[in-house]
Amino acid sequence: MVSRPRRIADVPRPSAALPSAVPFALAITLVLTACSGGVQGKPGASGVRDPYFPKLGNGGYDVTHYGLTLSYDPATKRLNGTAEITAKATQDLSAFNLDLEGLDVDEVTVGSEGEGADARWNRAGHELTVRPHDDLDKGDTFRTTVRYSGTPETLTDPDGSEEGWLRTADGALALGEPTGSMTWFPGNHHPSDKASYDIKVTVPEGLRAVSNGELKDETTLNGRTTATWHIAEPMASYVATVAIGRYDITRSTTKNGLPVIVAVDPTQAEASKQVLASIPEVMEWEEANFGPYPFSSTGAIVDREEDAGYALETQNRPVFPGAPDTEFLVHELAHQWYGDSVTPRTWRDMWLNEGFATYAEWLWQEDHDGDTADEIFNSLYKGDYYDDPELNEAVWAFPPAKPSSAAHLSDSPVYERGAMVLHKIRQTVGDDTFHDIIGGWAAAHRHGNADTADFTAYVEKSAPDADFGAIWKDWLYGEGKPAKP
Ligand code: TRP
Ligand code: ZN
């Protein structure tokens, strides 16, 4: 009998509501740019046609770096921000869009480093359309600076879960999967455009601001504390975070010298002490299973349960709602390889995140005197994995590679059935080749983006003699429960 493990999908999580996108006015842009000299640029697209969020992200440029300077006061709930966005034009551009939900835009300039010219801009829904003074040529690297302010919004999804800017008991917490990061900074908010970041946050003295990457500086002046975080490796905006509150921040290193930065809400200190002490051990086990860790620091952010509500694999250090158990830690840290480093090309490829992170839990259990992955697989197939028959049935609701709608991206077929796909591959190729495949996959797309077709091609190349046709057809793309386990 297989014990029922904690199911991550039990935790309420955002189910992907996007504020209604109002069509934005480009007509005026077209008319005005028609008379600018040199190359005739066109406006960049207002979305990248994600199958679930067509207006998310923007076309015509590729962001390489975000420099965010923020200040936030929980007492007034106001955020003041400056976003310096360095990007490369991928077409001649007369105008381009950024995604920004709520907040007031105070000024936009576009230019090269240090010398920006005032740009015109207008807003419609979450589309901020910027028309630079001069057209941008394909290949140009340009810097857009947006000054903005206001009270950041929390996006409430149909299932009642929340993302974006969450106000907490002692501050705020930014969670961005799948669309929420547009509530606290303007940008190209689609997972396909990853960039490095510098995030500088000023908060009232006594509070701390925790983010991704490494803490480069923390200075208190005139009753305000400024923390400067640097994120060198490419990051998708949905795993960017800022956590503001009363945190105890501790820094240690793993055996091979990787910084471990852990921020814990003092109310969670006692309960999370032991599990957080196991981060180096979990990291070592994951490196042995998935290959070299892709980032320059690790850790965790532990907030109160009522503040976060669900966990998120924010880059370098996942956010947890209260003290996690070890498997939960294993899951979120596994996402650093699968999700944060190898990032889905679109939201349809979400099972490449959750299937892997769930399978990481199974492998951990198998290696630590728990149920084997095979036992878990069989129990799910048989339908006695969960106590609730409805949950057992829900595993078969839709194919992992084709979620039925944006509202179901975080459902069980993406998690458990996604993991079952990986187990089918393991059964087909054997443990050694399977080990090579999961590590090789992480290495092949390190710091990049990948989709399901990339994955199936990679698996086929790794085991040229095996036939995966039925696995893809029945387990990955097929509706309903496959006829055979
Ligand atoms: N990715 C998170 C995890 O598995 C869960 C999650 C948080 C999520 N927010 C989401 C899943 C939004 C889908 C959509 O740990
Ligand atoms: Zn996950």
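Position labels on residues start from 1 in each chain and follow its written sequence. For naming, the first written chain is A and the first written ligand is 1, with later ones following in the order written. With the structure being a predicted model, the display of local features is reserved for residues of pLDDT at least 70 and the display and counting of side-chain atom pairs for 80 or more, all residues being used for whole-chain, interface and lining totals. The side-chain quantities take in all heavy atoms of the structure and omit both hydrogens and water.

Chemist: Would you mind going over the sheet that holds strand E17 (residues 242-245) with me for this structure?
Modeler: Any two strands between which DSSP finds at least two bridges are classified as paired. In DSSP terms, a helix is any run of H or I states spanning at least four residues, a strand is any run of E spanning at least two, and both are numbered starting from the N terminus. Pairing within the open sheet is antiparallel, and its 5 strands lie in the order E10-E11-E12-E17-E14. The open sheet has two edge strands, strand E10 (154-156) and strand E14 (208-211), and neither has a second partner. Across the sheet, the axes of successive neighbouring strands diverge by a mean angle of 25°, strand direction being ignored. Sheet topology note: the strand E11 (residues 162-168)/strand E12 (residues 171-175) ladder contains 5 bridges and is antiparallel. Directly across from tryptophan 165, in E12, lies its bridge partner alanine 174. Geometry is summarised by axes, namely lines fitted to C-alpha atoms with helices restricted to the contacting stretch, and by angles between N-to-C directions that run from 0 to 180 degrees.

Chemist: Help me out: how do you make sense of the environment of alanine 357 in this one?
Modeler: Looking at the secondary structure, you find alanine 357 in helix H6 (residues 351-367). Residues alanine 357 and alanine 419 lie 62 residues apart in sequence; the distance between their C-alpha atoms is 8.0 Å. With near-sequence residues (within four places) excluded, alanine 357 lies in contact with His331, Ala334 and His335. Any two residues whose heavy atoms approach within 4.5 Å at even a single point are treated as in contact.

Chemist: I'm lost on the site of ligand 1 in this one. Help?
Modeler: One heavy atom within 4 Å of a molecule or strand is enough for the residue carrying it to be called near that molecule or strand. Close to ligand 1 lie 15 residues, the nearest being Glu177, Glu313, Glu332, Glu354 and Tyr415. A distance of 3.2 Å separates an oxygen atom of ligand 1 from a polar side-chain atom of histidine 331. Values of accessible area rely on a 1.4 Å probe in the Shrake-Rupley scheme; residue burial ignores everything except the protein chains shown. Burial of ligand 1 by the protein chains amounts to 98% of its free accessible area of 360 Å². Element by element, the count of residues in the shell around ligand 1 is highest for helix H5 (residues 326-337), at 3 residues. Under this grouping Gly is polar, as are all residues other than the nonpolar Ala, Val, Leu, Ile, Met, Phe, Trp, Tyr, Cys and Pro and the charged Asp, Glu, Lys and Arg. Per-class residue counts for the shell around ligand 1 are 7 nonpolar, 3 polar and 5 charged. What counts as a domain boundary in this text is fixed by an automatic or database domain assignment. Structurally, the shell around ligand 1 is a two-domain feature, drawing no fewer than three residues from each of domain 1 (8-246) and domain 2 (267-476). Polar contact is defined as a pair of N or O atoms within 3.5 Å, subject to the rule that within protein one atom must be able to donate a hydrogen and the other to accept it, and that residues adjacent in sequence are counted only when both atoms are side-chain atoms.

Chemist: Where do I start with the domain arrangement of the protein in this structure?
Modeler: Interfaces are frequently sized by the accessible area removed from exposure as the parts join. Split by domain assignment, the protein resolves into domain 1 (8-246) and domain 2 (267-476). Here domain 1 and domain 2 have C-alpha centroids that lie 28 Å from each other. Between domain 1 and domain 2, the residue contacts involve 45 residues of the former and 44 residues of the latter. Note on domain 1 versus domain 2: buried area summed over both sides is about 3,600 Å², and carbon and sulfur give 59% of it. For salt bridges, the criterion is a side-chain nitrogen of Lys or Arg within 4 Å of an Asp or Glu carboxyl oxygen. Joining domain 1 to domain 2, the criterion identifies 1 salt bridge. Between aspartate 170 and arginine 304 there is a salt bridge, with its nearest N and O atoms 3.8 Å apart. The interface formed by domain 1 and domain 2 holds 20 residue pairs in polar contact (both at pLDDT 80 or more) in total. Counting residues per element, the ones that place at least two in the side of domain 1 that touches domain 2 are E11, E12, E14 and strand E16 (224-235). It is E16 that contributes the most residues to the side of domain 1 that touches domain 2, 5 residues altogether. Along the lines of polarity and charge, the residues of the side of domain 1 that touches domain 2 split into 26 nonpolar, 9 polar and 10 charged. Buried area is a sum: the accessible area each of two parts loses on coming together, probed at 1.4 Å, counted once for each and added.

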